[in-house]
Amino acid sequence: RVLGGGSAINAGFYSHAEPEFVRDAGWDEDLVRRSYDWVESKVAFEPQVKQWQSAVRDALVEIGVLPYNGFTYNHVDGTKIGGTIFDDQGHRHTAADLLEYANPLTVKVYLHATVSRILFTNKGRQWPKPRAYGVVFEDALGIRKRAFLRPNPQNEVILTAGALGSPQLMMLSGIGPALHLKSHGIHVVLDQPNVGQGMADNPMNLLYVPSPVPVEISLIQVVGIPSNQNTYIETASGLSFAYSWAQGFARDYVTFFNQSGKPSSLTAETMARAIDTVHAYAANTSLKGGVILEKVRGPLSSGDLKLRSRSPRDNPAVTFNYFKDPQDLRGCVEGMRSIINLINAPSFARLRYAHLPVQALVDLMLNLPVNLRPRHVSSSISLEQFCIDTVMTIWHYHGGCQVGKVVDQDYRVVGVDGLRVIDGSTFLKSPGTNPQATVMMLGRYMGTRILQGRPPVNWRRLQGRFPASWRRRPWLSHIPRKNMQGGEKIKP
């Protein structure tokens, strides 16, 4: 719902997919490399690494996340500095910047336009399969309009509404599980039960670490990619919790610190000093800190997406089934152990309170409203339960229109003509540590592939291949025409 999509609101980290992701997708590796380069020349930069990010980098190396690879866009095991879409002036560059490559005479961008459905021809003798030939959308004033493809079998509707929007729009257009569509009164164009299936989001868990010294504001720059774990470690700094959260934690510190029902392993003196530190933190809202997070690779757990209504403006109902697969939960536990080791590493010592033990940070997270899940007494002493109780989204949604299930290897929707889906909804798993570089690369990659596959067009011969009714359509002669609700019909 913003020009530039998710790249306009994310943490800015830019990093390639792992090599095996590219091979599993069956992509041309040379074209992938050139497509990444095409994106990077407009939107990607080397970040300025300051004290918080440097401390986390050094601590990752110290706890054995090796080798240290320096700055690279590539996905490589070990510790590295990745790219960023923020330039050295702090200005964000998004996927919308890639429009700088476009020919303004041949590309039109309609802002504040919400597509409500894709239009399909009826299956029959002329068209053995339903064929996409246009879309219905509403403009900024809420006026419904239609945009049509010119009658050329090479022309297509390309759907890039993201992992939530694309399966939703497919269903609104009549492609999806027939019973579900009929329950919303939607005409079924194609019974495709896999639309909306395989929805996944990499679970994220983190610890907030208040710092005794001011730290820079930084988003994701450093990443740890342990070769022997099913998780990634990332960090951001310059964040402060709401005053009321810190106050609540200080008030209930003793209760939350030891929920095991057993005597505390900490001495009374250590606990008293920790309580004093937390009280001081609650009283001083200027104190800063950072978060250290882990993201589970893959993941293996998945769920589904269903419509709530026939309105494209209503969010669909989505279930991700975090940690349904035990391997994902094991990955979270591995990642949390790495975070704990990192916080205890000597390289990180000056950026944390010496008298605030990691256990207090664990209990702090359990006292914060990071989700709507209930808290269990065992969460304080069990990393498995901690992961379940404090899981958050990292917004790396994928699935819903997956390759091999809804679209083919060329991203054409199976069962209809004239429609492709090219976005994160086609992924079987999330690429690399962060998907945005690969999503943008895929747009360039498939645009190039589509153009390479098109033969030269003989427009005179082409006209005779379409029914007379199509040749008489007003969009061929560019004659404006009133639409369903009195607005003007636009020329695509």
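Once a new chain begins, its residue numbering starts again from 1 and follows that chain's sequence as written. Totals for whole chains, interfaces and linings use every residue, but because this is a predicted model, local features are given only for residues with pLDDT of at least 70 and side-chain atom pairs only at 80 or more, for both listing and counting. Calculation of side-chain values draws on the structure's entire complement of heavy atoms; hydrogens and water are dropped beforehand.

Another point: the overall build of the protein. Scanning the protein from N- to C-terminus turns up 15 helices and 19 strands. Partly exposed describes any residue whose relative accessible area lies between the buried limit of under 20% and the exposed limit of over 50%, with all areas from a 1.4 Å probe on protein chains only and scaled to the type maximum. Looking at the protein as a whole, 52% of its 492 residues are labelled buried. Whether two residues are in contact is decided by their heavy atoms: any pair within 4.5 Å suffices. Pairs at least 24 residues apart make up 73% of the contacts formed inside the protein by residues separated by at least 6 positions. Using the Shrake-Rupley algorithm and a 1.4 Å probe, accessible areas are obtained, with residue cover drawn only from the displayed protein chains. Within the structure as shown, the protein displays about 23300 Å² of accessible surface, and the carbon and sulfur contribution to it stands at 53%. A run of H or I in DSSP counts as a helix once it spans at least four residues, and a run of E counts as a strand once it spans at least two, with each numbered from the N terminus.

Within a regular beta strand, the side chains point alternately toward one face of the sheet and then the other, so they alternate between its two faces. For strand β5 (residues 114-120), a buried count of five out of seven residues is recorded, marking the element as mostly surrounded by other parts of the structure. At least two bridges found by DSSP between two strands is the condition for calling them paired. Bridge count for β5 against strand β6 (residues 132-138) is six bridges, and the pairing is antiparallel. Bridge pairing in β6 places Leu119 opposite Gly134.

Let us now look at the sheet that holds strand β11 (residues 197-199). With antiparallel pairing, the three strands of this open sheet are ordered in space as β11-β16-β17. Of all the strands in the sheet, the pair left with one neighbour each is β11 and β17 (317-319). Each strand axis lies, on average, 40 degrees off the axis of its neighbour in the sheet, ignoring direction. The angle between two axes is taken between their N-to-C directions and runs from 0 to 180 degrees, where each axis is a line fitted to C-alpha atoms and a helix contributes only its stretch in contact. The strands touched by helix α4 (residues 162-172) are β11, β16 (303-306) and β17; relative to β16, the strand with the most contacts, the crossing angle is about 55 degrees.

Turning our attention to the sheet that holds β5. A sheet is described by the order of its strands in space; here three strands give the open sequence β5-β6-β7, paired in antiparallel fashion. Two strands bound the open sheet, and with one partner strand each, they are β5 and β7 (144-148). Strand-to-strand twist across the sheet, computed as the mean angle between neighbouring axes with direction ignored, equals 25 degrees.

All right, on to the nonpolar core then. Only buried Ala, Val, Leu, Ile, Met, Phe, Trp, Tyr and Cys residues count toward a nonpolar core, and they belong to the same one when joined by side-chain atoms within 4.5 Å. Counting residues in hydrophobic clusters, the biggest one holds 57 residues, and the most contacted among them are Tyr14, Trp27, Met170 and Leu419. Here the element with the most residues in this core is helix α12 (residues 436-452); it accounts for seven residues. Counting 53 residues, the second largest nonpolar core, distinct from the first, contains Phe13, Ala345, Phe348 and Leu366.

Looking now at the environment of Thr319. Following the sequence through the fold, Thr319 ends up in strand β17. The class of Thr319 is partly exposed, set by a relative accessible area of 37%. Residues Thr319 and Asp201 lie 118 residues apart in sequence; the distance between their C-alpha atoms is 9.5 Å. Residues in contact with Thr319, not counting those within four places in the same chain, are Met199, Gly303 and Asp304.

The next point concerns the UniProt feature "binding site: FAD" (unreviewed entry) in the protein. UniProt positions are given in the numbering used here, feature names are shortened, and annotations may be inferred rather than shown by experiment. As recorded in UniProt, the feature "binding site: FAD" (unreviewed entry) lies at Val2, Val115, Trp395, His396, Gly424, Pro435 and Gln436. Setting aside residues no more than four positions away along its own chain, Val115 makes contact with Val135, Val136, Phe137, Leu169 and Pro312. Relative to the helices and strands, Trp395 is located in the loop between β18 (392-393) and β19 (419-421).

Our focus in this paragraph is the pattern of salt bridges. Salt bridges are counted wherever a side-chain nitrogen of Lys or Arg sits within 4 Å of a carboxyl oxygen of Asp or Glu. Applying the stated criterion across every chain, the model contains 13 salt bridges. Between Lys429 and Glu18 there is a salt bridge; the shortest N-O distance is 3.7 Å. Highlighted residues: Lys429 in the loop between β19 and α12 and Glu18 in the loop between β1 (13-14) and α1 (19-25), separated in sequence by 411 residues. On the accessibility criterion, Lys429 (28% relative accessible area) is partly exposed. Take Glu18: its relative accessible area is 5%, and that puts it in the buried class. In this structure, Asp30 engages Arg33 in a salt bridge whose closest nitrogen and oxygen atoms are separated by 2.7 Å. Here Asp30 pairs with Arg33, and both are found in helix α2 (residues 29-43), just three residues apart, close to one helical turn. Asp30 sits in the partly exposed class, given a relative accessible area of 37%.

Attention now moves to the UniProt feature "domain: Glucose-methanol-choline oxidoreductase N-terminal" (unreviewed entry) in the protein. The sites that carry the UniProt feature "domain: Glucose-methanol-choline oxidoreductase N-terminal" (unreviewed entry) are, in the present numbering, residues 162-176. Across residues 162-176, helical content stands at 73% and strand content at 13%; the span's end C-alpha atoms are separated by 16 Å.

So, about the environment of Pro67. Note that Pro67 resides in the loop between α3 (51-62) and β2 (68-71). The exposure class assigned to Pro67 is partly exposed, which follows from its relative accessible area of 45%. Between the C-alpha atom of Pro67 and that of Ile225, which follows or precedes it by 158 residues, the distance is 9.7 Å. Apart from the residues lying within four places of it in its own chain, the contact partners of Pro67 are Asp77, Gly78 and Thr79.

On to the packing of α2 against α12, then. In contact at an axis separation of 8 Å, α2 and α12 are set at 120 degrees when each is read in the N-to-C sense. One element, α2, and the other, α12, form an angle in the oblique class. Read as a crossing pair, α2 and α12 show a hand that is right-handed. Here α2 contributes Leu31, Val32, Ser35, Tyr36, Trp38, Val39 and Val43 to the contact with α12, which in turn contributes Ala437, Thr438, Met440, Met441, Arg444, Tyr445, Thr448 and Arg449. Only Asp, Glu, Lys and Arg are considered charged, only Ala, Val, Leu, Ile, Met, Phe, Trp, Tyr, Cys and Pro nonpolar, and every remaining residue, Gly among them, polar. Partitioned by chemical class, the residues of the contact of α2 with α12 number 10 nonpolar, three polar and two charged. Orientation labels follow simple angle bins: below 35 degrees gives roughly parallel, above 145 gives roughly antiparallel, 65 to 115 gives roughly perpendicular, and whatever is left gives oblique. Crossing handedness follows the turn of the near helix against the far one: under a right angle anticlockwise gives a left-handed crossing, and clockwise gives a right-handed one.

Time to look at helix α9 (residues 326-343). Here, expected helix span is obtained from the residue count minus one, scaled by 1.5 Å. Taking 1.5 Å of rise per residue, 18 residues should cover 26 Å, and α9 covers 26 Å from first to last C-alpha, within 8% of that figure. Every buried residue of α9 is listed here: Asp328, Leu329, Gly331, Cys332, Val333, Gly335, Met336, Ser338, Ile339, Ile340, Leu342 and Ile343. As used in this structure description, the phrase polar contact means that two N or O atoms lie within 3.5 Å; if the pair is within protein, one of them must be able to donate a hydrogen and the other to accept it, and residues adjacent in sequence are counted only when both atoms belong to side chains. Among the residues of α9, the N-terminal cap falls to Asp325, whose side-chain oxygen and the backbone nitrogen of Gln327 are separated by 2.9 Å.

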